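# Structure at a glance
Residues per chain, in single letters:
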Amino acid sequence: MTTTLLVGLDGHASGERALDHARRLAELIGDCELVVAYIIEWSPFSFQTAEENAARHKRREEEIQIALDRVINPAIEKVSGSGRTIRGVVRHGDVSDALIAISKQENADQIIVARASEGGFAKRIFGGSTSNLVMSSPVPVTVVS
Amino acid sequence: MSVFHKALLTAAAIIAPAGAIAQEAATLDQKVNAAFATATGPFVNLIFAPFPGTSFPWIVLWLVVGATVFTLYFGFVQFRFFGHAIKLVKGDYSDPNDAGEVSHFQALTTALSGTVGLGNIAGVAVAVGIGGPGATFWMILAGLLGMASKFTECTLAVKYRNEYPDGTVSGGPMYYMKKGFSELGLPGGGFLAILFSIFCILGALGGGNMFQANQAHAQIEGIVGEFPGWITGIIFAGVVFAVIVGGIKSIARVTEKVVPFMGILYVGASLIIIAMNYDMIGWAFGQIFVGAFTGLGVAGGFVGALIQGFKRAAFSNEAGVGSAAIAHAAVRTKEPITEGFVSLLEPLIDTVVICTMTALVITISGQLLIDDATGTYMLNEAGTAIATVGDTSGVALTSAAFGSSISWFPYVLAIAVVLFAFSTMISWSYYGLKAWTYLFGEGKGSELTFKVIFCVFVVIGAAANLGPVIDFSDAAIFSMAVVNIFSLYFMMKLVRRELNSYSGRLKSGEIKSYAH
């Protein structure tokens, strides 16, 4: 049976480390496919102006295209050279919630993310995306340092 | 358009030499006021003309009859689908794959930022100050009925909006009038759309702009002492200009974020004051109910209370006016009627909750003077409104009412009023712009013309007296409702078709909740 690894990318070096780890893991597993995901932070409960709302659909399409061009497609290119199956997903939402939703949709066996170095007061209080993911994921989560 | 043009020419004539005659500030304010009152008088008189032989303005009945017809026609949709509306706002029925699009919550809060504002603070004070606490009863009733009007117009606004190839959207009454009438094979949709757009521009300049600037100035004056209105006007106009012309979104974003918190703070403070005077809650509600049917000595008796209640409710929640439909039209949904359900929460939050809070605080505060001998309200010298402690009216009355329980709250209220006024102006500049571009086409030059006119009216609004400004604001906004409700009568069957289809699919389970 094919094992599916879901890799969370963030467009930074930390995401690259997660992808590299996933590739090594895939080599060891053998029959394994990768799903790389980039989540655009978005809350349906944020406040917007009427003008922003009117242009929101257009803006969303642009955001998805930028994420595909700058993060997802380069990652797919990097891995597909090795002959491994890899797919990309871009979603809007809360990072941990969206990764969990994708893992369910894709029947992923494991989620691999990297720990982001930046922190802050809010993250210390409420936890960052990674710790939220670890706390609530239904499948094992590997956090690459 | 002639009144509009006259007002515009007057404005231009007054603004141009403003700097040169700054030293004659007091007389400049008076000149602005007199010129403005003369220019808008005929329009105001037409809109508020009473039925022959009565003192009842026909426009008030027009709004109430409209809201009642929609309530009955849709079988009390505001109560039947209230729970469903809450679930929609929570996102229970939003497809996760559509994340990143405008949510129901965002469309609702954007529309609310245009409606919640001075109407809730100053408008209610005007209603209670003239019509007595009894006006609150009629205001709540108008709010509850108005939920059905809002439902009808917002469903149509999403259904018939324009979606452009670049992904942006434009919607509102002018679009559903044109497209809806054409779908029904009825003539005149295009004409109604043009008429509505003209009134929408006037409404944007009146209630959405001048009234806001005027009351913001009154509030600042209450804190720092008297100074000429045009100074506040020019500062306000400068900031509005920076946002709508300069595209400085950061100011708008900060306002959009701060305003909801101000709203919560306002309701919170109201609840605290009501709780502090818990022994008077029963009395206050007694005044509201008794005053609703007797007037308790106010000018015009119970009819006076009723007129004030309905007028200020409509001015506050804008149900049937069609303005908020422009904001609601931006939501991304496959079912236009879902935005209709969500929009019916708007009059509830705006009028039934927030306006009632203001009315209760004013009633409880004892700012309205009561004749101990008769138990009825005392009238001011002119006999036009209830006499108040310190002879206050409008936002100053609300401020005094809050200040009598929480001494420092008038300062918070001053900030809230300025922010509310600003956010309402930004919202209405968008509504006015949409009407403007509908009439004159989209394009940088056309848009800039409207935006500059909008800023000029900020200065006029701040410099004029409350009386003429409030009359023109009401008249302009209600004239939008004349055209809008007229068109809704023809198109309500289209909404009922949507309602029947949606509720059938909801019952059969075809429309599923995504909530876990």
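Once that is clear, we can look at the overall build of chain B. Per the secondary structure count, chain B includes 21 helices and two strands. Taken over the C-alpha trace, chain B has a radius of gyration of 22 Å; the compact-globule value for 516 residues is 24 Å, and the two agree within 12%. For chain B, the spread of C-alpha atoms along the three principal axes comes to 65 × 55 × 50 Å. Looking at chain B as a whole, 57% of its 516 residues are labelled buried.

The subject of this paragraph is the overall build of chain A. Counting its secondary structure elements, chain A contains six helices and five strands. Shown N-terminal to C-terminal, the secondary structure of chain A runs as helices and strands in the order β-α-β-α-α-β-α-β-α-α-β. Compactness check: chain A gives a C-alpha radius of gyration of 16 Å against a globular reference of 15 Å for 145 residues, within 12% of the reference. Taken over the C-alpha atoms alone, chain A extends approximately 50 × 35 × 25 Å along its principal axes. Within the span of chain A, comprising 145 residues, buried residues form 37% of the whole. Pairs at least 24 residues apart make up 75% of the contacts formed inside chain A by residues separated by at least 6 positions.

Moving on, we come to the sheet that holds strand 1 (residues 3–9) of chain A. All names here are of chain A. The sheet built from five strands is open, its strands ordered 3-2-1-4-5 with parallel pairing. Since the sheet does not close on itself, it has two edges, and those belong to strand 3 (86–93) and strand 5 (141–144), each with one partner. On average, adjacent strands in this sheet sit at an angle of 25° to one another, irrespective of strand direction. Strand direction decides the pairing type here: strand 1 and strand 2 (residues 32–41), joined by seven bridges, are parallel. The residue of strand 2 that forms the bridge with Gly8 is Ala37. Of the strands in this sheet, strand 1, strand 2 and strand 3 touch helix 3 (residues 56–80), which is tilted by about 155° from strand 3.

Trp138, Phe196, Phe310 and Val417 of chain B are the most contacted members of the largest nonpolar core, which totals 183 residues. Sequence-distant contacts of Trp138 of chain B, that is, excluding residues within four places in its chain, are made with Ala292, Ala305, Leu306, Gly309 and Phe310 of chain B.

Taken together, the contact pairs 22 residues of chain A with 28 residues of chain B. Those elements that place two or more of their residues in the side of chain A that touches chain B are helix 2 (50–54), helix 3 and strand 3 of chain A. No other element matches helix 3 of chain A, which puts five residues into the side of chain A that touches chain B.

Turning to helix 14 (residues 301–317) of chain B, a few remarks are in order. Residue and element names in this part refer to chain B. With 17 residues, helix 14 should reach 24 Å at 1.5 Å per residue; the first-to-last C-alpha distance of 25 Å fits that figure. Taking burial as the measure, the 17 residues of helix 14 include 14 buried ones, the bulk of the element. Among the residues trailing helix 14, Glu318 stands out with phi positive, at a value near 60°.

All names here are of chain B. With 94% of its residues at a pLDDT of at least 70, chain B reaches an overall mean of 86. Low pLDDT (under 50) marks residues 1–23, which in the prediction has 23 contacts with non-local residues, meaning those over four places away or in another chain. Interface scoring of the predicted complex returns ipTM 0.87; its pTM is 0.87.

Before going further, it helps to spend a moment on the pairing of strand 1 of chain A. All names here are of chain A. Among the seven residues in strand 1, five count as buried, and that is most of the element. Each parallel crossover has a hand, and for strand 1 linked through helix 1 (residues 13–29) to strand 2 it is right-handed. For strand 1 and strand 4 (residues 110–114), the ladder comprises three bridges, and the chain directions are parallel. Pairing of Leu6 across the sheet is with Ile111, part of strand 4.

Before going further, it helps to examine unusual backbone geometry. Although it is not a glycine, Asn107 of chain A adopts a positive phi angle of roughly 55°. If you trace the backbone, Asn107 of chain A turns up in the loop between helix 4 (95–105) and strand 4. Residue class for Asn107 of chain A comes out exposed when judged on the 11 C-beta atoms lying within 10 Å of it. The phi torsion at Glu318 of chain B lies on the positive side, around 60°, for a residue other than glycine. Here Glu318 of chain B lies in the loop between helix 14 and helix 15 (323–328).

A separate point is the pairing of strand 2 of chain A. Across eight bridges, the pairing between strand 2 of chain A and strand 3 of chain A is parallel. Residue pairing in the sheet places Ala37 of chain A in a bridge with Val89 of chain A of strand 3 of chain A.

This part takes up helix 3 of chain A. An α-helical turn contains 3.6 residues, so any two residues separated by three or four positions project in the same direction. With 25 residues, helix 3 of chain A should cover 36 Å at 1.5 Å per step; its first-to-last C-alpha distance of 33 Å lies within 8% of that length. Leu68 of chain A marks the point of greatest bend in helix 3 of chain A, at about 45°. Looking at helix 3 of chain A, one finds that the buried residues are Arg56, His57, Arg60, Ala67, Val71, Ile72, Ala75 and Val79 of chain A. Packing partners of the buried residues in helix 3 of chain A comprise strand 1, helix 1, strand 2, helix 2 and strand 3 of chain A together with strand 2 (169–170) of chain B.

Cut-off values and rules
Residues numbered from 1 in each chain as written. Chains lettered and ligands numbered in written order. Predicted model: local features only at pLDDT ≥ 70, side-chain atom pairs only at ≥ 80, totals over all residues. Helix = DSSP H or I, 4+ residues; strand = E, 2+ residues; numbered from the N terminus. Rg over C-alpha atoms; globule rule 2.2 N^0.38 Å. Buried ≥ 20, exposed ≤ 12 C-beta atoms within 10 Å, placed from the backbone. Contact = placed C-beta atoms within 7 Å. Pairing = 2+ DSSP bridges. Axes fitted to C-alpha atoms, helices over the stretch in contact; angles between N-to-C directions. Core = buried A, V, L, I, M, F, W, Y, C linked by C-beta atoms within 7 Å. Expected span 1.5 Å × (residues − 1). pLDDT = per-residue confidence, 0-100. Right-handed = clockwise from strand over helix to strand, strands pointing away. Bend = angle between axes of the 7 residues up to and from the residue.

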